[in-house]
Number of protein chains: 2
Amino acid sequence: MTYCIGMRINKGLVFMSDTRTSAGVDNFATSKKMFTWSTPGERAITIMTAGNLATTQAMISLLEERSKSPEDRDPSILRQPTMFQVARLVGATLKEVIVDSSPTGQTSDDQFAASVIVGGQIGEGPPTVFLVYPQGNFIEITDDTPFFQIGETKYGKPILVRAYDRNMSFEEAIKLLLVSFDSTVKSNLSVGLPFDLMVYETDSFDTSRQKRVGKDDPVYQSISTGWGDALRDAFQLLPSYSV
Amino acid sequence: MTYCIGMRINKGLVFMSDTRTSAGVDNFATSKKMFTWSTPGERAITIMTAGNLATTQAMISLLEERSKSPEDRDPSILRQPTMFQVARLVGATLKEVIVDSSPTGQTSDDQFAASVIVGGQIGEGPPTVFLVYPQGNFIEITDDTPFFQIGETKYGKPILVRAYDRNMSFEEAIKLLLVSFDSTVKSNLSVGLPFDLMVYETDSFDTSRQKRVGKDDPVYQSISTGWGDALRDAFQLLPSYSV
């Protein structure tokens with residue numbers, strides 16, 4: 001499995017993905033699942049993938065190849081006029097790859113299936129995030145649903161539900177994502193460090209604020225340990241219930 | 001779905017189950033999933049069920065019927081000499097019901113499948129808990145795996161992993177289960193209040209320490225609200241991470 005979150009706050013967007021890929025417990029490796037494209041001053045696009053690795057790599061390669069020389073090749077992710085059109089292109093490319101791999105056509109529980117989070121900003125448009133399904137259709141983030149998760153989403157959801165606040169700073173948002181990822185890693189072997197992290201500030205059109213957070217990262221370690229301690233302390237303060 | 005936890009601590013056993021049963025979002029109801037049998041001074045047995053309601057109700061009815069007049073009917077849950085034999089009986093009964101319902105025999109992703117947690121104490125034996133699979137086989141709780149979950153298990157697992165301590169009091173164990181259930185309820189519509197709670201103290205052979213925890217229960221409400229506040233406070237104290 002995989003775990004990725006794309007989140008919108010007032011200041012911009014924050015993305016985080018893990019890097020573990022596995023086909024069974026005896027066959028696992030580290031693989032990047034976060035990819036960015038940008039044109040300074042004009043657009044910044046981030047894509048994160050979950051699902052069949054052959055599918056997601058083929059999809060990224062197609063998008064990548066078509067964006068390398070955008071003058072010659074259409075459709076290119078660097079020439080779409082809006083984020084909505086980017087999401088359409090990603091959806092179409094994803095569906096194309098899945099259908100190509102499936103001898104009998106696409107089915108809902110397809111072994112070649114994958115999901116994608118695509119977010120960013122183009123020109124005058126607001127920063128936004130889409131969740132793209134294997135069928136190629138997609139939904140957009142809203143103020144009511146300010147984050148999307150793909151992959152192994154359940155373990156890390158309760159803290160997101162409780163602590164998300166659209167007014168939070170980037171630092172707080174990163175902290176929240178790290179806690180959500182740490183809870184998942186502690187409960188599920190198919191999600192693993194290091195994590196890829198990216199912060200996108202509204203109107204910056206800059207995809208360079210990226211970082212890989214490893215097991216030995218001192219801040220991650222203190223968040224992981226600190227969160228365990230903080231939970232136990234918080235837990236002590238709750239009222240007791242007796243039967 | 002469903003959510004049930006059976007946990008062992010040094011002082012004894014604690015069980016909690018939700019009560020929501022649903023066949024689709026437009027067809028849901030409240031149904032008890034916790035059942036107890038006891039013979040004062042000799043045995044105390046608690047069973048919790050998850051899965052197809054027709055299957056689990058039939059299984060409980062068979063166990064119930066056979067225990068009503070144990071002299072006449074065998075095998076009875078009230079005559080098994082050990083908890084291990086109780087688990088075998090529960091497994092056999094569960095499998096019997098599932099196979100009966102399946103026109104083409106049992107398959108692994110059977111729509112009639114169900115899982116069961118059975119725990120308790122008989123005579124000189126220690127208190128213990130088993131997790132029974134639809135195939136009728138089962139695993140026993142150990143010091144390394146001090147709790148079993150069935151149903152919608154992922155949302156509530158991180159806090160159990162972090163805060164479990166075998167030396168905790170019953171009051172703290174109940175608090176822990178309530179927090180785990182509250183996290184699940186806040187993230188998943190298929191798990192719902194009220195919760196059934198039961199505390200079993202080692203060598204008491206008493207199944208009467210039961211309680212139904214409803215939405216309006218003041219202690220539950222203060223734990224639910226208090227936990228949200230405590231998480232946010234704990235979260236503030238963590239170190240910040242910037243990119």
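For clarity, every value in this text was computed on a predicted model and none was experimentally measured.

### A closer look at the relation of the copies chain B and chain A
- Rotating chain B by 180° and translating it 0.0 Å along the rotation axis places it on chain A, where the RMSD comes to 0.0 Å. When the rotation and shift are considered jointly, the pair of chain copies conforms to a two-fold rotation axis. Considering only C-alpha atoms, the part of chain B nearest the rotation axis is Tyr155(B), at 2.3 Å.
- When the interface residues of chain B are mapped onto chain A, 100% of them are again interface residues, pointing to one common binding face.

### Quick word on the pairing of strand 1 (residues 3–9) of chain A
Residue and element names in this part refer to chain A.
- Judged by how many residues are buried, strand 1 sits mostly within the fold: seven of seven residues are covered.
- Alternating positions in strand 1 separate into two faces, Tyr3, Ile5, Met7 and Ile9 on one and Cys4, Gly6 and Arg8 on the other, with burial throughout.
- Where strand 1 and strand 10 (residues 147–151) come together, five bridges link them in antiparallel fashion. Pairing of Tyr3 across the sheet is with Gly151, part of strand 10.
- With six bridges joining them, strand 1 and strand 2 (residues 12–17) adopt antiparallel strand pairing. Within the sheet, the bridge partner assigned to Ile9 lies in strand 2 and is Gly12.
- In textbook terms, the turn of a hairpin is the stretch between consecutive antiparallel strands, and for strand 1 and strand 2 this stretch comprises two residues.

### Describing the layout of surface pockets
- Its volume calculated, the largest pocket comes out at about 350 Å³.
- Lining the largest pocket are 19 residues; nearest its centre among them are Met1(B), Thr2(B), Thr21(B), Ser22(B) and Gly51(B).
- Of all the elements in the fold, those that place two or more residues in the lining of the largest pocket are strand 3 (20–22), strand 4 (28–30), strand 6 (43–51), helix 1 (53–68) and strand 10 (147–151) of chain B.
- Classifying every residue of the lining of the largest pocket by side-chain character gives seven nonpolar, ten polar and two charged.
- By volume, the second largest pocket is sized at about 280 Å³.
- Around the second largest pocket, the lining is made up of 17 residues, and of these Met1(A), Thr2(A), Thr21(A), Gly51(A) and Leu53(A) lie nearest the centre.
- Looking at the lining of the second largest pocket, the elements that each hand over two or more residues are strand 3 (20–22), strand 6 (43–51) and helix 1 (53–68) of chain A.

### A closer look at the interface of chain B and chain A
- Listed per partner, the contact involves 48 residues of chain B and 48 residues of chain A.
- Between chain B and chain A, the buried area comes to about 4,500 Å², and carbon and sulfur atoms account for 65% of it.
- At the surface where chain B touches chain A, the tally comes to four salt bridges.
- Between Asp182(B) and Arg162(A) there is a salt bridge, with the nearest N and O atoms lying 2.4 Å from each other.
- The interface formed by chain B and chain A contains 20 residue pairs in polar contact (both at pLDDT 80 or more).

Cut-off values and rules
- Residues numbered from 1 in each chain as written.
- Chains lettered and ligands numbered in written order.
- Predicted model: local features only at pLDDT ≥ 70, side-chain atom pairs only at ≥ 80, totals over all residues.
- Heavy atoms only, no water.
- Least-squares fit on C-alpha atoms with pLDDT ≥ 70 in both.
- Contact = heavy atoms within 4.5 Å.
- Buried < 20%, exposed > 50% of the residue type's maximum accessible area, 1.4 Å probe, protein only.
- Helix = DSSP H or I, 4+ residues; strand = E, 2+ residues; numbered from the N terminus.
- Pairing = 2+ DSSP bridges.
- 1 Å grid on protein atoms, 1.4 Å probe; cavity = no way out; pocket = protein on both sides within 12 Å on 5 of 7 lines; lining within 4 Å.
- Points joined across faces, edges and corners; volume = space filled by probe spheres on them.
- Nonpolar A, V, L, I, M, F, W, Y, C, P; charged D, E, K, R; others polar.
- Buried area = accessible area lost by both parts, 1.4 Å probe.
- Salt bridge = Lys/Arg side-chain N within 4 Å of Asp/Glu carboxyl O.
- Polar contact = N/O pair within 3.5 Å; in protein donor to acceptor, adjacent residues only side chain to side chain.

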